[in-house]
Amino acid sequence: MKILIYGFATGILFGFLLQRGQVLRYEKQLGALRLLDMTIVKFMLSSILVAMVGIYLLFDLGLVKLSVKPTILGGNILGGLVFGVGWGLFGFCPGTAVGAAGEGRWGVLWGIAGMIVGAAVFAETYPFLKSTVLTWGNLGKLTLPQVLGLNHWIVIPVMIAAILSLFYWFEKSGL
Amino acid sequence: MGHGGTFLSVKGKTVSGKSREGWSPYLAGALTGLVMVFSVWLSGKFFGASTSFVRTAGLLESLVAPERVERLPYFLENPPKLDWQWMFVLGILLGSYAAAKLFGDFRWEAVPPMWQERFGSDQVTRGLTAFAGGAVAIFGARLADG
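Values in this document were obtained by computation on a predicted structure and should not be read as measured data. (Residues numbered from 1 in each chain as written. Chains lettered and ligands numbered in written order. Predicted model: local features only at pLDDT ≥ 70, side-chain atom pairs only at ≥ 80, totals over all residues. Heavy atoms only, no water.)

*Asks:* Honestly, the overall build of chain A in this entry has me stumped. Any pointers?
*Replies:* Counting its regular elements, chain A contains eight helices and two strands. Each of the three principal axes of chain A carries a C-alpha extent, and together these read 45 × 45 × 40 Å. Sorting the 175 residues of chain A into buried and exposed places 47% on the buried side. Of the contacts made within chain A by residues no fewer than 6 positions apart, 63% connect residues no fewer than 24 positions apart. Working note: accessible area of chain A is about 8,300 Å², and carbon and sulfur atoms make up 75% of it. (Helix = DSSP H or I, 4+ residues; strand = E, 2+ residues; numbered from the N terminus. Buried < 20%, exposed > 50% of the residue type's maximum accessible area, 1.4 Å probe, protein only. Contact = heavy atoms within 4.5 Å. Areas by Shrake-Rupley, 256 points an atom, 1.4 Å probe, with all protein chains shown as cover.)

Now the structure itself:
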């Protein structure tokens, strides 16, 4: 029960910030895909930047566990390509679709219904996918520091510098 | 009176302009990063949404064919019931509604303006495209384990 309340409270905060960051708009989502408006990229990379530093700090203090998903090239690449097609057509990812409904953009209900149907199809085909696509190029649970053989406090500042340079370039180009 | 009217209209523009632009995506994103850190710290949970749609599909299917849902391998691994993430997704709806109402951003909208400019305002065309796109997107997201 407590974990459900944590989930609900965390979702409320996240939904509030998604709305304030103006990332729940079809125009912002398609704007990113069309390389016209980098609002959602700024939002995502800012959150990753802060979370990366905070979570690794807590990790070093032994306060949290990382949750590393396995790298399966078949699933990651094919799934990513399929997701991109759907994202372009609908204009929302699963979380932002729900947020957009909260803003009153009720047209997203069509897409949410589609997502529930697509999810049911996924559950039906999961055994087949698990024995085919999801076995192709299974590299196990990888992290960037591990692959590079470097301490994460070497990789993190490089990531920060790269993200900040990208932000600087976005602002300079008016994206 | 003229002065007052001008002041009000100028003020009105500023207010609506502000609400249209919202907060800086850098600020809202960085605050989201903080929420992520506290979530991982306090409840051990990382953000995600797509699995909840599969659970919802399972919950709905359970209404008509519960024994079939019980046998599907995906639902054995991910039981179709409410969990942290499902409540998280529900929270997004409420949080976004609260922010939109609070800052005057709430608007009923069937077809997004950018879509209308290119493809027209027909709700069914947009709706069917969104439906198909949503179905494809969630399938890809689950396949990539994203």
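Alright, that's what it looks like, and here's the rest.
*Asks:* Help me understand the overall build of chain B in this model?
*Replies:* On a plain count of helices and strands, chain B comes out with eight helices and zero strands. From first element to last, N terminus to C terminus, chain B shows the α and β order α-α-α-α-α-α-α-α. Looking at the 146 residues of chain B, the share that counts as buried comes to 44%. Across chain B, contacts joining residues at least 24 apart in sequence account for 50% of those joining residues at least 6 apart. Working note: accessible area of chain B is about 7,900 Å², and carbon and sulfur atoms make up 67% of it.

*Asks:* Got a minute to help me understand the interface of chain A and chain B in this structure?
*Replies:* In many reports, interface size means the accessible area that the parts give up when they come together. Counting residues at the interface gives 91 residues for chain A, matched by 90 residues for chain B. Each partner contributes to the roughly 7,700 Å² buried at the junction of chain A and chain B, and carbon and sulfur atoms together form 75% of this total. Together, Arg 20, Trp 110 and Phe 122 of chain A form the three largest contributors to the area buried by chain A at its contact with chain B, with a combined 9%. At the boundary of chain A and chain B, one finds six salt bridges. Taking the shortest distance from any N to any O, the salt bridge between Arg 20 of chain A and Asp 105 of chain B comes out at 3.0 Å. Here chain A and chain B share 26 residue pairs in polar contact (both at pLDDT 80 or more) between them. (Buried area = accessible area lost by both parts, 1.4 Å probe. Salt bridge = Lys/Arg side-chain N within 4 Å of Asp/Glu carboxyl O. Polar contact = N/O pair within 3.5 Å; in protein donor to acceptor, adjacent residues only side chain to side chain.)

*Asks:* Where do I start with the pattern of salt bridges in this structure?
*Replies:* Close approach of charged atoms allows side chains of opposite charge to pair. Evaluation of the coordinates by the stated rule reveals 12 salt bridges over all chains. The residue Lys 28 of chain A makes a salt bridge to Asp 37 of chain A at a minimum N-O spacing of 3.1 Å. Here the residues in one salt-bridge network are Arg 20, Arg 25, Glu 103 and Arg 105 of chain A together with Asp 105 and Glu 109 of chain B, joined through shared partners.

*Asks:* How should I be thinking about the confidence of the model for chain B in this particular structure?
*Replies:* Note: predicted coordinates in regions of low pLDDT should not be interpreted at a detailed level. Residue and element names in this part refer to chain B. Looking at chain B as a whole, its pLDDT mean stands at 89, while 86% of the residues score no less than 70. Below a pLDDT of 50 lies the segment residues 1-19, which in the model reaches five contacts outside its immediate sequence neighbourhood of four places, other chains included. Both confidence scores are given for the complex: pTM 0.92, ipTM 0.96. (pLDDT = per-residue confidence, 0-100.)

*Asks:* Mind showing me how you'd approach the packing of aromatic side chains here?
*Replies:* In this description, a pair of aromatic rings is defined by centroid distance and the angle of the planes. Tallied over the entire structure, the rule returns 22 aromatic pairs over all chains. Taken together, a centroid distance of 5.0 Å and an interplanar angle of 90° make the contact between Tyr 126 of chain A and Tyr 74 of chain B edge-to-face. Of the two residues, Tyr 126 of chain A sits in helix α6 (residues 108-131) while Tyr 74 of chain B sits in helix α5 (residues 73-77), which places them in two different chains. Residue Tyr 126 of chain A shares its accessibility class with Tyr 74 of chain B, and that shared class is buried. An angle of 85° between the planes, with centres 6.0 Å apart, marks the rings of Trp 23 of chain B and Phe 103 of chain B as edge-to-face. Taken together, the residues span a long stretch of sequence, with Trp 23 of chain B in the loop between α1 (2-21) and α2 (25-43) and Phe 103 of chain B in the loop between α6 (84-102) and α7 (113-119) at a distance of 80 residues. The exposure class assigned to Trp 23 of chain B is partly exposed, which follows from its relative accessible area of 26%. (Phe/Tyr/Trp six-rings, centres within 6.5 Å; stacked < 30°, edge-to-face > 60°.)

*Asks:* Looking at this model, I keep getting lost on the environment of Phe 92 of chain A. Mind explaining?
*Replies:* Among the structural elements, Phe 92 of chain A can be located in the loop between α4 (73-90) and α5 (94-102). Accessibility expressed as a relative area gives 2% for Phe 92 of chain A, which makes it buried. Spatially, the C-alpha atoms of Phe 92 of chain A and Leu 30 of chain A are 8.6 Å apart, while their sequence positions differ by 62 residues. The contacts of Phe 92 of chain A, once residues within four sequence positions are left out, are Leu 24, Arg 25, Tyr 26, Gln 29, Trp 87, Ala 97, Ala 100 and Val 108 of chain A together with Arg 126 of chain B.

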